[in-house]
Amino acid sequence: MSVDLVNTLLTGFGLSSAAGLNAYIPLLITGLVARYTSLVQLRAPFDVLEHPAVLLTLTLLLIIEMGADKIALLDSLNDAINTLVRPAAGAILFAGTSGVADIDPSITLVLGLLSAGAVHTTKSATRPAVTAASGGCANPIVSLLEDVVAVALVLLALLAPVLLAAGFLLAAIWLARLWQRRRKSLSATT
């Protein structure tokens, strides 16, 4: 497996995972980075993300998204609306940034769709629990944390995909241990 292929896959998974949290953060940052640097080369037709009108539109959508996602109940409506948007953004980002490696675009579209869709589904399923548990008071904090994580994922995916992979691996190990401890404590109480 070539280094270009590994980096392309890591970048694609990082960007599409970020899109599952907030579609517009990775689309906007990737478009800006592609327009103003040589770090990202977007494959056609996804290079439209670099166009000033698209960048302005993404900025406006990001402002709306960030506002709506911080308000209890409105955040659930926002998640419902974005059920199609976030996976589509993940597909666009994965396919758009895969031009360096020789991967069939239909495969990258599916990988991005699945990656962003999985993250979005998890976010959408947990947010009502956060609202119920905190009376909506924790929603702005959780939403801000999601935005910070999305920005971090994008920056790592674009600048250091290997560090992103290490972070995913460490997070998976931590979650597995947490789940294992929880199972042990539940079985000890029964």
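For the structure given in this document, a descriptive report is provided here. (Residues numbered from 1 in each chain as written. Predicted model: local features only at pLDDT ≥ 70, side-chain atom pairs only at ≥ 80, totals over all residues. Heavy atoms only, no water.)

Focus on unusual backbone geometry
Cis rather than trans, the peptide bond between A44 and P45 has omega equal to 5°. With respect to the element layout, P45 can be found in the loop between α2 (24–36) and α3 (52–68). (Helix = DSSP H or I, 4+ residues; strand = E, 2+ residues; numbered from the N terminus.)

Quick notes on the packing of aromatic side chains
The final tally for this structure, using the stated rule, is one aromatic pair. Between F13 and F94 the ring centres are 5.0 Å apart and the planes differ by 85°, which places this aromatic pair in the edge-to-face class. On the criterion of sequence distance, the pair formed by F13 in helix α1 (residues 3–21) and F94 in helix α4 (residues 74–96) is long-range, its members being 81 residues apart. Given the relative accessible area of 33%, F13 is considered partly exposed. (Phe/Tyr/Trp six-rings, centres within 6.5 Å; stacked < 30°, edge-to-face > 60°. Buried < 20%, exposed > 50% of the residue type's maximum accessible area, 1.4 Å probe, protein only.)

A few points about the packing of α1 against helix α6 (residues 139–159)
Viewed as axis vectors pointing N to C, α1 and α6 meet at an angle of 165°, and their least axial separation amounts to 8 Å. Taken together, the axes of α1 and α6 are roughly antiparallel relative to one another. Of the two elements, α1 crosses α6, and the hand of that crossing is left-handed. Where α1 approaches α6, its residues T11, G14, L15, S17, A18 and L21 are matched on the opposing element by E146, V149, A150, L153, V154, A157 and L158. Taken together, the residues of the contact of α1 with α6 break down into nine nonpolar, three polar and one charged. (Axes fitted to C-alpha atoms, helices over the stretch in contact; angles between N-to-C directions. Parallel < 35°, antiparallel > 145°, perpendicular 65-115°, else oblique. Left-handed = near helix turned anticlockwise from the far one by under 90°. Contact = heavy atoms within 4.5 Å. Nonpolar A, V, L, I, M, F, W, Y, C, P; charged D, E, K, R; others polar.)

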